[in-house]
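Here are the chains, one letter per residue:
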Amino acid sequence: METKLFLEREDLFDHYVAAHPRGDVLQTTAWGRVKQSTGWEAFPLGVMDRGRLQAAALVLAKRLPYIPAVLAYSPRGPLYSSGEALAHLLQGGTKFLREQGALVWKMDPAIPEADPTWLEAARSQGLKQVETGLDFDGVQPRHVMTLSLNHSLDTLLANMKQKTRYNIRYAMRKNVTVQALKEKSQLGVFY
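Residues numbered from 1 in each chain as written. Predicted model: local features only at pLDDT ≥ 70, side-chain atom pairs only at ≥ 80, totals over all residues. Heavy atoms only, no water.

Student: So what's going on with the layout of surface pockets? Which residues, and what values?
Tutor: Of the voids in this model, the second largest pocket is the one considered here, and its volume is about 160 Å³. For the second largest pocket, the full set of lining residues is Q179, L181, Q186, V189 and F190. Class assignment of the residues belonging to the lining of the second largest pocket gives a composition of three nonpolar, two polar and no charged. (1 Å grid on protein atoms, 1.4 Å probe; cavity = no way out; pocket = protein on both sides within 12 Å on 5 of 7 lines; lining within 4 Å. Points joined across faces, edges and corners; volume = space filled by probe spheres on them. Nonpolar A, V, L, I, M, F, W, Y, C, P; charged D, E, K, R; others polar.)

Student: Could you give an account of the environment of G51, naming the residues involved and the relevant values?
Tutor: With respect to the helices and strands, G51 occurs in the loop between β2 (41–49) and β3 (52–63). Residue classification places G51 among the exposed positions, given a relative accessible area of 64%. In this structure, the C-alpha to C-alpha distance between G51 and M1, residues 50 residues apart in sequence, is 9.5 Å. (Helix = DSSP H or I, 4+ residues; strand = E, 2+ residues; numbered from the N terminus. Buried < 20%, exposed > 50% of the residue type's maximum accessible area, 1.4 Å probe, protein only.)

Student: Report on the confidence of the model for the protein chain, specifying residues and quantitative values.
Tutor: Here the protein chain averages 88 in pLDDT, and 93% of its residues register 70 or above. Between the elements of the protein chain, mean pLDDT differs from a low of 84, seen in helix α4 (residues 116–125), to a high of 96, seen in β2. (pLDDT = per-residue confidence, 0-100.)

Student: Go over α4, please, and point to the residues and values.
Tutor: The set of residues buried in α4 consists of W118, A121 and A122. The arc that holds the buried residues of α4, viewed along the axis, is 100°, so those residues lie on one side. Structural note: α4 exposes P116 and R123 on the side pointing more than 90 degrees away from its buried face. Considering only its buried residues, α4 is in contact with β5 (79–80), α3 (83–99) and β6 (102–108). Where α4 begins, the capping side chain belongs to D115, and its oxygen is found 3.2 Å from the backbone nitrogen of T117. In the segment just after α4, G126 is the residue with positive phi, at about 75°. (Arc of directions from axis to C-beta. Contact = heavy atoms within 4.5 Å. Polar contact = N/O pair within 3.5 Å; in protein donor to acceptor, adjacent residues only side chain to side chain.)

Student: Please set out the pattern of salt bridges residue by residue, giving values where relevant.
Tutor: Applying the stated rule across the entire model yields six salt bridges. One salt bridge connects K95 with E99, and the closest N-O pair in it is separated by 3.5 Å. Here the residue K95 and the residue E99 both occupy positions in helix α3, the gap between them amounting to four residues, near one helical turn. Judged by relative accessible area, K95 falls into the exposed class, the value being 55%. (Salt bridge = Lys/Arg side-chain N within 4 Å of Asp/Glu carboxyl O.)

Student: Kindly report on the environment of A102, identifying the contributing residues and their values.
Tutor: As for its placement among the helices and strands, A102 is situated in strand β6. In this view, A102 contacts V70, A72 and L97; residues no more than four positions away in its chain are not counted.

This is how it looks when you write it as C-alpha cells:
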C-alpha cells in the first residue's frame, strides 16, 4: 500500500469519494478549491493498493497566525474501504502533515457511532475524541440523519412526531412557503 497525493488524478480521487457509501461533497477536490479561495491549502491524500484507491482524505491546511505552524482538517473524512487502508492513510497522512509543519489533524468522519474499524484505527493510532458538549461547538455535526423521500407525503408525515406534524401544518396555515430561487438577488427577502 502506498499513500500519495492525488493532485494530478483528482478525477480518480473524486470518483472514490462519490462511490463511497459515506462520501461527502466536503471530501471532494472541488470543495478543496472552494476552501483555497479562503486561504486554505487542499491536499487530496489517498492510499493505493494493487492499482485501486482504498482510502482517501481531503486534508485542508492553514497556517496559524503568530506561530510557524499549520492546522490540518478533514471535513467528513477520512473515507476507507478497510481497516488496513485506513491505518496506512493515517500513518502516511501524519508523516506528510508533519513535513508541512502541522500541529494537529482534526477529522470528523461520518461514521456510525460504534464502527469497529474506526474504533480500532483510532485506538491503534492514538487518536483522541474531542467532546464538544451538545455538539454545537464542533465544525461538523456529530450526528447526522438522512430522511428518505421515496415515500408519499402522507407516509412521511405519519412517521413524524405529532408535534412535528403540528408545526408543519401550522406553518402551512400561516402561509409559509418554500421555493427554489434561480438568482442570488432573490435572497433579499430571506435575509
